[in-house]
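Chain by chain, the residues:
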Amino acid sequence: MPRSPSPSPPAGQPSTASDAGDAVKAIYVFANEKGGMTDINRGKINEIIAQLSQSSAYTAKLLKSDRRVDETVALLQQKLQRSDEGARRSAAAVVARQVAALEASRRADRCCAVIDFDMFYAAVEIRDRPELADKPVAVGGIGMISTANYVARRWGVRSAMPGFIGQALCRQLVFVRPDFAKYTAVAEVARAIFREYDPKMTAGSLDEAYLDLTDHLHKRARDGGGGGAGDDSGDCDGGGEGERRGTALTGEALGELAGEVVGEIRARVKEATRGLTTSAGIGPNFLLAKIAADVRKPDGQFCTGWSREAVLSFLAPLPVRKVPGVGRVMEKARARKDGAASAVCELLSRAAEARLLFTPGSADSLLRKSLGWEEGGREEAAGEALQKGISCERTFRPTGDEAELGETLRRLCASLAEEMAARQLRGRTVTLKMKTSDFDLLTRDSSAARPVGAAEELQARAVMPLTVAD
DNA sequence: TCTTGAAGGACCC
DNA sequence: CGCCAGGGTCCTTCAAGA
């Protein structure tokens, strides 16, 4: 029984004056537009979100933490004012040296790709329920939406948005419960294909894969129809460590071949998953490939190029938030004098400042990233990357009832112990994480002499710091 | 002085 | 009416030990 006849997203009239506070709007304003959200009235959507959020404890927390960030930024500004000429000059000199060194070692012999499913969870669900295809769909619940399809995004519904707000933005929004077992199985199908191209491929998450295509491309150039030119005979690929010199395949030639290969991978994945599309980024390292993966979303691919000019002209105009690792706080800390967000080129032109303000490690990382250099995120990680921790958390209605809290803790410990037993894991440090009704996060931990894993042990350790603290 | 542990945060999907 | 996740990693800061 369809009730409302073909409703459409909010049209583009300017929204009238509102009572939602500007501060609230500033917090929830869309930092950047995700794909599929081009023709909507952002003002209207922001208005609805601000109205609904205005008086929530969650918003109060965000405003508070935002003020704290502002204070920190102000302190940084003062620090900059007070810095003397000498310090500034030497910071600039250090930066100049670093830039020169990085540029001198820019490589053109490696090719990385990041491949990402488009609206993964939602795509899987729609594939299995085709009648949802042209409806606005959100995977998640009233508490939180983890993925929205492109129809829903036209109303402003997006991932990481609480479900009730999604519903207010789009009354026809269809909610689908996530089914992680299903998504894991689909991801595994894709990963099997990825491994054919890079056996050491790593997964950033269920829907995201990092592939170093260098070896595969060389092999293909040698075996394939490339005419055999530039093929140094007698190279032993037994010790293949990803960096093979002596082959002429570099830069743009690498990129061209990579484009074909990635197209092939994506087609195979689409076929094997019965129609799921992916987007991909290709570049000289994972940082650039990752940023590039966002460019032609959905169902497309983009290659950054290898030369300094190509890389910098790609990066320079991007807002800093596009750089992996730069979040809300760093964006604010590096905002321009007028408060507007900086682009990557400003990160670069103000690199000496950053060196005075942040720890050397942070400043380095920022500089390398703004030159498109850092081997971002997933690098080969040397050994097999062991998982560092395992957790189980649940949000529930606020309560002060100790029996109830105790029971919740017991259940969490039981379910965590079960998971740990299934995976044959144990740990030495047990951390209890608590969220208060005003969204403050607290952690307390307790370390055992030897690794523990049983529910009772976890529970005892989790309760211990609670009784000691508050 | 260099490590280590604990607590808190920033960030990512 | 009221509803803002859950799984991680890595970094920084501070205090205490070795």
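Residues numbered from 1 in each chain as written. Chains lettered and ligands numbered in written order. Predicted model: local features only at pLDDT ≥ 70, side-chain atom pairs only at ≥ 80, totals over all residues. Heavy atoms only, no water.

Student: Go over the overall build of chain A, please, and point to the residues and values.
Tutor: A tally of helices and strands in chain A yields 18 helices and 10 strands. Considering chain A as a whole, with its 470 residues, one finds that 38% of them fall into the buried category. In the structure as shown, chain A presents an accessible area of about 25600 Å², 54% of it carried by carbon and sulfur atoms. (Helix = DSSP H or I, 4+ residues; strand = E, 2+ residues; numbered from the N terminus. Buried < 20%, exposed > 50% of the residue type's maximum accessible area, 1.4 Å probe, protein only. Areas by Shrake-Rupley, 256 points an atom, 1.4 Å probe, with all protein chains shown as cover.)

Student: Before we move on, can you summarise the protein's contact with DNA strand B with the specific residues and values?
Tutor: If you check the shell around DNA strand B, you find 18 residues, and the closest are S205, K290, M330, T443 and D445. At the protein interface, 100% of the atoms of DNA strand B within 4 Å belong to sugar or phosphate. Interatomic distance of 3.1 Å between a backbone N/O atom of V329 and a phosphate oxygen of DNA strand B. Here a phosphate oxygen of DNA strand B sits 2.9 Å away from a polar atom, N or O, in the main chain of M330. The set of elements that each furnish at least two residues to the surface near DNA strand B consists of helix 13 (328-333) and strand 10 (441-452). Top contributing element to the surface near DNA strand B by residue count: strand 10, with 5 residues. Residues that form the surface near DNA strand B fall into these classes: 5 nonpolar, 5 polar and 8 charged. (Near = heavy atom within 4 Å. Polar contact = N/O pair within 3.5 Å; in protein donor to acceptor, adjacent residues only side chain to side chain. Nonpolar A, V, L, I, M, F, W, Y, C, P; charged D, E, K, R; others polar.)

Student: Give a detailed account of helix 9 (residues 214-223), specifying residues and quantitative values.
Tutor: Looking only at helix 9, the buried set comprises T214, H216, L217, H218 and R222. Where helix 9 is buried, its residues contact helix 8 (180-197), strand 6 (208-212) and helix 10 (251-272). (Contact = heavy atoms within 4.5 Å.)

Student: Just give me the short version of the environment of Y28, but keep the residues and values in it.
Tutor: By the element assignment, Y28 lies in helix 1 (residues 22-28). Along the primary structure Y28 and N46 are separated by 18 residues, whereas in three dimensions their C-alpha atoms are 7.0 Å apart. Aside from chain neighbours lying at most four places away, what touches Y28 is N46, I49, S53, Y58, T59 and L62. A distance of 2.8 Å separates a polar atom in the side chain of Y28 from a polar atom in the side chain of T59.

Student: Let's hear about the protein's contact with DNA strand C: which residues, and what values?
Tutor: Near DNA strand C, the surroundings consist of 23 residues, among which S53, K388, S391, E393 and T395 are the closest. Backbone atoms, meaning sugar plus phosphate, form 63% of the atoms of DNA strand C positioned within 4 Å of the protein. Here G389 contributes a backbone N or O atom positioned 3.3 Å from a phosphate oxygen of DNA strand C.

Student: So what's going on with the pairing of strand 5 (residues 202-205)? Which residues, and what values?
Tutor: As defined by bridge partners, strand 5 adjoins strand 6 across 3 bridges and the pair is classed as antiparallel. Bridging from a neighbouring strand, A203 pairs with A209 of strand 6. Taking the residues that link successive antiparallel strands as the turn, the strand 5-strand 6 hairpin has 2 residues. (Pairing = 2+ DSSP bridges.)

Student: An account of a nonpolar patch on the surface is requested, with residue identities and associated values reported.
Tutor: Side chains of L52, I142 and F164 sit close together on the surface and give an oily, nonpolar patch of about 260 Å² of accessible area. Within the secondary structure, F164 is located in helix 7 (residues 163-169). (Patch = residues over 30% accessible without salt bridge, like charges linked within 9 Å, V, L, I, M, F, W, Y side chains within 5 Å. Salt bridge = Lys/Arg side-chain N within 4 Å of Asp/Glu carboxyl O.)

Student: Go over the pairing of strand 10, please, and point to the residues and values.
Tutor: By the bridge criterion, 8 bridges tie strand 9 (residues 427-435) to strand 10 in an arrangement that is antiparallel. Residue T429 lies in a different strand from strand 10, and its bridge partner there is S447.

Student: For the sheet that holds strand 1 (residues 112-117), give the residues involved together with the corresponding values.
Tutor: Read from one edge of the open sheet, 5 strands run 5-6-1-7-8, paired in mixed fashion. Looking at strand neighbours, the two that pair on one side only are strand 5 and strand 8 (301-303), the edges of this open sheet. Averaged over all adjacent pairs, the angle separating strand axes in this sheet is 15 degrees, with direction ignored. The pairing of strand 1 with strand 7 (residues 278-283) spans 6 bridges and is antiparallel. Within strand 7, the position partnered with I115 by the bridge is A280. Running at roughly 10 degrees to strand 6, helix 8 makes contact with strand 1, strand 5 and strand 6 of the sheet. (Axes fitted to C-alpha atoms, helices over the stretch in contact; angles between N-to-C directions.)

Student: Mind laying out the nonpolar core, listing which residues take part and the relevant values?
Tutor: In this structure, C111, F120, F194, L211, L213, L217 and I265 are the most contacted members of the largest nonpolar core, which totals 34 residues. Of all the secondary structure elements, the ones that give two or more residues to this core are strand 1, helix 5 (120-128), helix 8, strand 6, helix 10 and strand 7. Core analysis: the second largest hydrophobic core is formed by 23 residues, L80, V311, F314 and L315 among them. (Core = buried A, V, L, I, M, F, W, Y, C linked by side-chain atoms within 4.5 Å.)

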